[in-house]
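What the coordinates show
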Amino acid sequence: MKNIVFGLIIFFLSLPSFSQETELDLRYYLPESISYNSDIPTPKSIIGHEVGEWHITHDKLVQYMYALAESSDRIHIQNRGYTYEGRPLLLLTITSPENHKNISRIQEEHLALSDSPFSNRNIESMPLIVYQGFSIHGNEPSGSNAALAVAYHLAAAQGPKIDALLKNTIILFDPSYNPDGLQRFAYWANIHKGKNINPDPNDREYSEVWPGGRTNHYWFDLNRDWLPAQLLESQARLKTFHNWYPNILTDHHEMGTNSTFFFQPGIPSRTHPLTPSKNQELTSDIADFHAKALNKIGSLYYTEESFDDFYYGKGSTFPDINGGVGILFEQASSRGHAQESVNGILTFPFSIRNQFTAALSTLEAAVSMREELLNYQRAFFSNAWNEAKKSKGKGILFGDEKDVSKTYHLAEILKRHNIRFNTLKKDHTENGLLYKKGSSFIIPLEQKQHRLIKAMFEKRTSFKDSLFYDISAWTFPMAFNVDYSESSPLSIMGEEVRELKKPDIGSTNFSNYAYLMEWHEYYSPKAINLMLQKDIRVKVGMQPFNIGGKSYDYGTILIPVQNQKMDPKGLHSILSSISKSSNVFISGVNTGLTDGIDLGSSQFKNVKRPEVALLVGRGISSYDAGEIWHLLDQRFDILVTKLDVNSISNKDISRYTDIIVPNTWGSTLGKKEAEKLKSWVEQGGTLIGYKNAGKWFNTNELLKIQFKKRKDTAQNISFEQRNKFSGAQVIGGAIFNTTLDLSHPVAFGYHRTNLPMFRNSTLFVEPDKDSYNNPIQYTASPLLSGYISEENLNDLKNTVPFKVSHSGKGRVIYFTDNTNFRAFWYGTNKLLMNAIFFGDRM
């Protein structure tokens, strides 16, 4: 589709000031010449204000959706679960009453297009499945506010056109992808609204306080979690998605105030190669309906100039690898009730009207293109099956012989995406790696989700474009740091895993002498933290040893029976409970003699109970801070105090053993805060920093870091090309190989000398002259998957992503990149845990 950058008339409600008394009517949004059923309640009759007069709070949104479902036989409503703050995750199924009566049959027939695509199933009268979702970023609220008007229209509109629409579609209506974020932003916008609305961009209404309403409770961007599926909100909507496999999925967003309106296609060269070209053709055809509708109301718009369809973890791209068409809408944001812009004054009602219009144009396209979209879905899966047949007898094998939990959680993601996988018949060795039955799985490549599997497991290092809207690599077995083989024989395959269960780790045998716990297991930090909370004395082994014919690696945890606060029976009972709740095996031993360091050796060091603080607030990346908070709170049950950077200089921080500084982007942290932290470190604290925090460490002499410097000079680059030139030097997110010194405490719990690490920065740190101070180091050929420019790749080679330095009694630890990326980078989570529990031994 050619670029469309025009509209018919100027589109903003351009008044110099606005009053609450200015009349706003629901008819402003609704199509002309349509009658509405008076028995269906309008939004105002339920929530007490007109759509767009105030920002809708989630509780009122829920209230209205239930009122509609109660009054309309076109709508069935369900609560699919709850957010972290306990808000319901609603889904409205909207269609004709006749379709509702036959909904199970319709669903079964629709799924047959993907399950049995070679059948000659008649689609002549088959409804199209459309998933419409709104405001996955809570501070982009025009979507969820438009959902009020869209739902009303679908419930109350009368006439042949709406009857045909409801007959020919099943609409899966998700009025708020992100209830917690929507509520947070609505509160902010509404408390700043006056009788006279002030559109001055300097007004406090348009500058949210940290962390803002974009994210969910734990400050995650939910629009990056469609593929990893780590968060409650994502898991609920993925069940809906895979129960239906929608033909169209829409994702309503907002962008900068000085923009207009965007709809896909995005930049053609930045579409993932696994997405069929037909998908983009259909997207372009659907775009014609949006253009026509926006022309009618005089709204400016554009397409194909920004955004992309590369990362499959976004809502508008995820359907593309699942036989559907994802559509992104981006509306210029008022970020409140009305704001000045280069295009005039942008009002909140206007932004809602554009979203409403795009929602209806999507449905118009769905009816008009119904058979074409259904045939495309059938062709997508028949082609996928044909591709899969070429891999007959082969599968992807993955597992970790020493960590059943990581393997389990990767398998959990597969289950969430309806990917079939099997157990192993018995232990299997391939390419020198042991895959144990019970802690390994194999994925047959010949299956419906063949293309999705490929998207999740592939390594890709060549690209048509050098610019990416998001990450360029997400290879899941690397993210989890599990062993894997991409072409293993299915002869080793056992039973299909129909119900995924956590593996049985066995019971803890009683001992009067000592207990041992390996540090390899993912949840070992949870287990040791529970022990320390119970005032159990524990030690960490600084060297490996062998006892009773079993080898124990660096970082093994020793729990002596003597000199504990409970008797041996009580200790055994507590450890048995911890072992079960953490899914970590704890073994009793009856002697201190070993082949290696004996259990009474000074090479076993006491482990202190951590008291962790996390710096948050203005100048700190809320994404990075949220990922750390989520990791400690949800995964490891480690209490974390969130310290605001604005008040740290006035707080008593002596109680904390560890203070974490996530990636910084501002200058809130200054010399005063640095001096306070420096003094705290000298008294024995461990300061842990990420990414740009290292620059602050270096500037304030908390940790001396030698960053590589390079200045790029543009040669034969035109003015028009300047952004592409600079953008090509960005590392948006790729995977790189490192080597580990397994004897260093930061590497405790790892049993391979190579570790894939995620990187999305250009912070390159020179290695120390002494090799033992470089326990993690990038290899000479580090790129495993993703995009990096040649210049950056040369700079990255042999650099280090980790530094540590003594300062008085304490330590300062630095990671150049995020070890906890988007909650699915399980493979490097233990680096942070090692810094917390063993930082004083580094």
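Residues numbered from 1 in each chain as written. Predicted model: local features only at pLDDT ≥ 70, side-chain atom pairs only at ≥ 80, totals over all residues. Heavy atoms only, no water.

The next point concerns the overall build of the chain. Within the chain one finds 22 helices and 37 strands. Computed over the C-alpha atoms, the radius of gyration of the chain is 28 Å, within 12% of the 28 Å expected from 2.2 N^0.38 for a compact globule of 842 residues. If you line up the chain on its principal axes, its C-alpha atoms span 90 × 65 × 65 Å. Expressed as a percentage of the 842 residues in the chain, the buried residues total 62%. For the chain, the share of sequence-separated contacts (at least 6 apart) that also reach a separation of at least 24 residues comes to 80%. Accessible surface computed for the chain: about 32,000 Å², of which carbon and sulfur atoms make up 46%. With 90 positive and 89 negative side-chain charges, the chain shows a separation of 4 Å between the mean positions of the two kinds. (Helix = DSSP H or I, 4+ residues; strand = E, 2+ residues; numbered from the N terminus. Rg over C-alpha atoms; globule rule 2.2 N^0.38 Å. Buried < 20%, exposed > 50% of the residue type's maximum accessible area, 1.4 Å probe, protein only. Contact = heavy atoms within 4.5 Å. Areas by Shrake-Rupley, 256 points an atom, 1.4 Å probe, with all protein chains shown as cover. Lys, Arg positive; Asp, Glu negative; His and termini not counted. Charge placed at Lys NZ, Arg CZ, Asp CG, Glu CD.)

To continue, consider the layout of surface pockets. With a probe scaled to a water molecule rolled over the atoms, the places where space remains empty come into view. Put simply, the largest pocket is a space of about 780 Å³. Considering the residues around the largest pocket, the lining is formed by 29 residues, among which Pro-31, Lys-161, Lys-296, Leu-360 and Glu-364 are closest to the centre. Listed by contribution, the elements that provide at least two residues to the lining of the largest pocket are α5 (142–156), β6 (157–158), α6 (160–168), α9 (277–297) and α10 (348–368). Considering each element in turn, the lining of the largest pocket owes the most residues, eight residues, to α10. Classifying every residue of the lining of the largest pocket by side-chain character gives 17 nonpolar, five polar and seven charged. (1 Å grid on protein atoms, 1.4 Å probe; cavity = no way out; pocket = protein on both sides within 12 Å on 5 of 7 lines; lining within 4 Å. Points joined across faces, edges and corners; volume = space filled by probe spheres on them. Nonpolar A, V, L, I, M, F, W, Y, C, P; charged D, E, K, R; others polar.)

Looking now at the environment of Ser-601. Take Ser-601: it is sitting in the loop between β27 (595–596) and β28 (604–606). Spatially, the C-alpha atom of Ser-601 lies 64 Å from that of His-55, the residues being 546 residues apart in sequence.

One side chain can pair with another of opposite charge once the charged atoms of both are near each other. All told, the structure shown has 33 salt bridges when counted by the stated rule. Between Asp-308 and Lys-314 there is a salt bridge, with the nearest N and O atoms lying 3.6 Å from each other. Accessibility expressed as a relative area gives 1% for Asp-308, which makes it buried. Through salt bridges with shared partners, a single network forms among Glu-140, Arg-214, Asp-221, Arg-224, Asp-470 and Arg-822. (Salt bridge = Lys/Arg side-chain N within 4 Å of Asp/Glu carboxyl O.)

To continue, consider the sheet that holds strand β35 (residues 776–785). What the three strands build is an open sheet, ordered β34-β33-β35; its pairing is antiparallel. Where the open sheet ends on each side, the last strands, each with one partner, are β34 (754–759) and β35. If you compare each strand with its neighbour and ignore which way they point, the axes differ by 35 degrees on average. Where strand β33 (residues 734–740) lies against β35, five bridges are found, and the strand directions are antiparallel. Looking at β35, one finds that Thr-739 is bridged to Gln-777. (Pairing = 2+ DSSP bridges. Axes fitted to C-alpha atoms, helices over the stretch in contact; angles between N-to-C directions.)

Next up on the list: helix α18 (residues 671–682). Between the first and last C-alpha of α18 there are 16 Å, a value that for twelve residues agrees with the 16 Å anticipated at 1.5 Å per step. All of the buried residues in α18 are Glu-673, Ala-674, Leu-677, Lys-678, Trp-680 and Val-681. The buried residues of α18 occupy an angular sector of 165 degrees when projected down its axis, which confines them to one face. Buried positions along α18 lie against β31 (658–661), β32 (686–690), α19 (693–699), β36 (802–807) and β37 (810–815). (Expected span 1.5 Å × (residues − 1). Arc of directions from axis to C-beta.)

Per-chain confidence: the chain averages 95 in pLDDT, with 97% of residues scoring 70 or above. The model gives residues 1–21 a pLDDT under 50, and that stretch makes 63 contacts with residues more than four places away or in other chains. (pLDDT = per-residue confidence, 0-100.)

Counting 219 residues, the largest nonpolar core has Phe-173, Met-531, Ile-660, Leu-687 and Phe-837 as the members making the most contacts within it. With ten residues, the top contributor of residues to this core is α5. Ignoring sequence-local partners within four residues, the contact set of Phe-837 consists of Trp-519, Pro-525, Ile-528, Asn-529, Leu-532, Val-607, Pro-610 and Ile-638. Formed by ten residues, the second largest nonpolar core is a distinct cluster that contains Ala-514, Leu-516, Ile-547 and Ile-597. (Core = buried A, V, L, I, M, F, W, Y, C linked by side-chain atoms within 4.5 Å.)

Bringing empty space enclosed by the protein into the picture now. On inspection of all chains with the given rule, the structure shows six cavities of 30 Å³ or more. Of the volumes computed, that of the largest cavity is approximately 140 Å³. Residue lining of the largest cavity: 15 residues in total, with Asp-400, Lys-406, Asn-481, Gly-749 and Tyr-750 positioned closest to the centre. Taken together, the residues that form the lining of the largest cavity break down as three nonpolar, five polar and seven charged. As a volume, the second largest cavity reaches approximately 90 Å³. What lines the second largest cavity is Lys-608, Arg-609, Pro-610, Thr-657, Asp-658, Gly-684, Thr-686, Ile-836, Phe-837, Gly-839 and Asp-840. Classifying every residue of the lining of the second largest cavity by side-chain character gives three nonpolar, four polar and four charged.

This part is about helix α17 (residues 622–635). Compared with an ideal rise of 1.5 Å per residue, which puts 14 residues at 20 Å, α17 spans 19 Å between its outermost C-alpha atoms and is within 8% of the ideal. When we look at burial in α17, the residues that qualify are Ser-622, Asp-624, Ala-625, Gly-626, Glu-627, Ile-628, Trp-629, His-630, Leu-631, Leu-632 and Arg-635. Contacts made by the buried residues of α17 are with α15 (524–533), β29 (612–616), β30 (640–644), β31, β32 and α22 (829–838). Trailing α17 by a residue or two, Asp-637 shows a phi angle of about 50 degrees, which is positive.

The sheet built from seven strands is open, its strands ordered β3-β4-β7-β5-β9-β11-β10 with mixed pairing. Two strands bound the open sheet, and with one partner strand each, they are β3 (75–82) and β10 (261–263). Ignoring which end each strand starts from, the neighbouring axes of this sheet average 20 degrees apart. Here strand β5 (residues 128–134) pairs with strand β9 (residues 248–255) via five bridges, running parallel. If you follow Tyr-131 over to β9, its bridge partner there is Leu-249.

Let's shift gears to unusual backbone geometry. Residue Pro-211 follows Trp-210 across a cis peptide bond; omega there is 5 degrees. Along the chain, the position of Pro-211 falls in the loop between β8 (196–197) and α8 (232–244). Of note, the bond from Gln-264 into Pro-265 is cis; its omega dihedral lies within 30 degrees of zero at 20 degrees. Secondary-structure assignment places Pro-265 in the loop between β10 and α9.

Our focus in this paragraph is the packing of helix α2 (residues 58–71) against helix α7 (residues 179–191). Here α2 crosses α7 at 120 degrees, and the two axes come no closer than 8 Å. The angle between the axes of α2 and α7 places the two elements in the oblique class. For the pair α2 and α7, the contacting residues are His-58, Asp-59 and Leu-61 in the first and Pro-179, Leu-182 and Gln-183 in the second. Looking at the contact of α2 with α7 residue by residue, the classes come out as three nonpolar, two polar and one charged. (Parallel < 35°, antiparallel > 145°, perpendicular 65-115°, else oblique.)

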